[in-house]
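# Remarks on the overall topology
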Amino acid sequence: MNYNSAINYGYKILKKNFIKSAIIDSEIILSKTVNLKREKLLVNLDKKLSDNQIKYFKELLKRRKNKEPIAYILNKKEFWKKTFKVNSNVLIPRPDTEILVDQVIKFLPLNSSKLILEIGTGSGCIILSVLNERKNCYAKAIDISKKALKVAEYNAKIQHLRNRIQFIYSSIDKFCYGKYDIIVSNPPYIKSAGIKNLDEDVRFYEPRIALDGGFDGYSLIKEVIKKSSYLLKNGGKLFLEIGFNQIYEVKELLKENHFYVNKVVKDLNKINRCIVSTKV
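Read on for an overview of the structure. What you see is a predicted model, and the numbers here were worked out from it, not measured in a lab.

### A word on the overall build of the protein chain
Regarding its fold elements, the protein chain presents 11 helices and nine strands. Referenced to the eigenvectors of the C-alpha coordinate spread, the extents of the protein chain come out at roughly 65 × 40 × 35 Å. In the protein chain, which comprises 280 residues, the share counted as buried stands at 51%. Looking at the protein chain alone, contacts between residues at least 24 apart form 66% of all its contacts between residues at least 6 apart.

Below is the structure:
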């Protein structure tokens, strides 16, 4: 089996199992199999695979056929300007979440020295991206998953940021340490009953704890806002990712907890995604 026939073989299997990106996924899986960049793979289509490579390729195909996300198969995902390690213990970074990073760095002057808290860090992609852009800032990041924190710590280490961030195992309701200039969070905001309607690769593989926002979708949002009103300095900023239909409720929650809503930012699909507010 050469590279070309392997790609076609993978494409047919994935298409048969209703994988929308069948051809690209087959190429990506083969790239991982032979440890070759996809671009280089496509100019060496006549090269043959070894028996071990064929076996490994078929194992990876089976995982993708069963709807496991490509990011978990590769153990990596690009976000902002870096590649982050990911596994099934953390949510896969989404392009829409880059809006949070963009808004934070727009608020922070290049040479500013601020203390930032991230609530629910997961892979660390948001806060580490901010620290990479603002070299004089420091951060703390909390999460209720020890396994997620291990992933975040690894990403901080390979990006040489361990000296500027502290990872803490804690739920938001039990975290009471320090005063911060900025808090950023992408909390779970999907209704518990709505999890079953998510795509199979999300609901079967991504950690439910990072998706489930409780009965009404607001359980964690309420906790983040309430605790942020205590943890932020006066005039401090809260950057929050929200669901597409949550803007009015979240605005009310912010006002009730002494925040002034600065702006609402839409995502790549023109849907309300990020809300920026100030503690007053």
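### Some words on the sheet that holds strand β4 (residues 138-143)
Taken together, the seven strands give an open sheet; going across it, the order is β5-β4-β3-β6-β7-β9-β8, and neighbouring strands pair in mixed fashion. Bordering the open sheet on either side are β5 (165-169) and β8 (259-266), each of which pairs with just one other strand. Taking the axes of each pair of neighbouring strands and ignoring which way they run, one obtains an average angle of 15° across the sheet. Bridge analysis of strand β3 (residues 115-119) against strand β6 (residues 180-185) gives four bridges, and the strand direction is parallel. Its bridge partner being in β6, I116 is matched across the sheet by I182. Docked against the sheet, helix α8 (residues 146-158) engages β4 and β5, running at close to 170° with respect to β5. Lying over the sheet, helix α10 (residues 219-231) contacts β3, β6, β7 (232-241), β8 and β9 (272-279), oriented at roughly 160° with respect to β7.

### Some words on α8
For α8, which comprises 13 residues, the first-to-last C-alpha distance of 19 Å matches the rise-based estimate of 18 Å (1.5 Å per residue) to within 8%. Buried-residue contacts for α8 involve β2 (82-85), α7 (125-133), β4 and β5. Phi for H160, located one or two positions after α8, is positive at around 60°.

### What about the nonpolar core?
Counting residues in hydrophobic clusters, the biggest one holds 30 residues, and the most contacted among them are I116, L128, I165 and F167. Sort the elements by how many residues they give to this core and α7 lands first, with six residues. Formed by 25 residues, the second largest nonpolar core is a distinct cluster that contains L117, I168, I172 and L231.

### Quick word on the state of the cysteines
In this structure the tally under the stated criterion is zero disulfides. For C137, which is in no disulfide, the shortest distance to another cysteine sulfur is to C274 and amounts to 17 Å.

### Points about the environment of I73
As for its placement among the helices and strands, I73 is situated in helix α5 (residues 70-74). With relative accessibility at 1%, the residue I73 sits in the buried group. C-alpha of I73 to C-alpha of K226: the two residues are 153 residues apart in sequence and 37 Å apart in space. The contacts of I73, once residues within four sequence positions are left out, are K32, L60, R63, R64 and E68.

### Concerning the packing of aromatic side chains
Summed over the entire model, instances satisfying the criterion amount to three aromatic pairs. Summarising the aromatic geometry, the rings of F79 and F84 are spaced 6.2 Å apart at their centres and angled 75° between planes, so their arrangement reads as edge-to-face. Like F79, the residue F84 is buried in the burial classification. Where F107 meets F239, the ring centres are 6.1 Å apart and the plane angle is 55°; that geometry is what we call tilted. Taken as a pair, F107 in helix α6 (residues 98-107) and F239 in strand β7 lie far apart in primary sequence, 132 residues in all. Since its relative accessible area comes to 1%, F239 is described here as buried. Here the basic side chain of K179 rests over the ring of Y230, its NZ or CZ set 4.5 Å away from the ring centre.

### Considering the pairing of strand β1 (residues 76-79)
With four bridges connecting them, β1 and β2 associate as antiparallel partners. From the neighbouring strand, F79 faces β2, where its bridge partner is K82. Between the end of β1 and the start of β2, which pair antiparallel, lie two residues, with W80 showing a positive phi angle near 55°.

Parameters at a glance
Residues numbered from 1 in each chain as written. Predicted model: local features only at pLDDT ≥ 70, side-chain atom pairs only at ≥ 80, totals over all residues. Heavy atoms only, no water. Helix = DSSP H or I, 4+ residues; strand = E, 2+ residues; numbered from the N terminus. Buried < 20%, exposed > 50% of the residue type's maximum accessible area, 1.4 Å probe, protein only. Contact = heavy atoms within 4.5 Å. Pairing = 2+ DSSP bridges. Axes fitted to C-alpha atoms, helices over the stretch in contact; angles between N-to-C directions. Expected span 1.5 Å × (residues − 1). Core = buried A, V, L, I, M, F, W, Y, C linked by side-chain atoms within 4.5 Å. Disulfide = S-S within 2.5 Å. Phe/Tyr/Trp six-rings, centres within 6.5 Å; stacked < 30°, edge-to-face > 60°. Lys NZ or Arg CZ within 6 Å of the ring centre and 35° of its normal.

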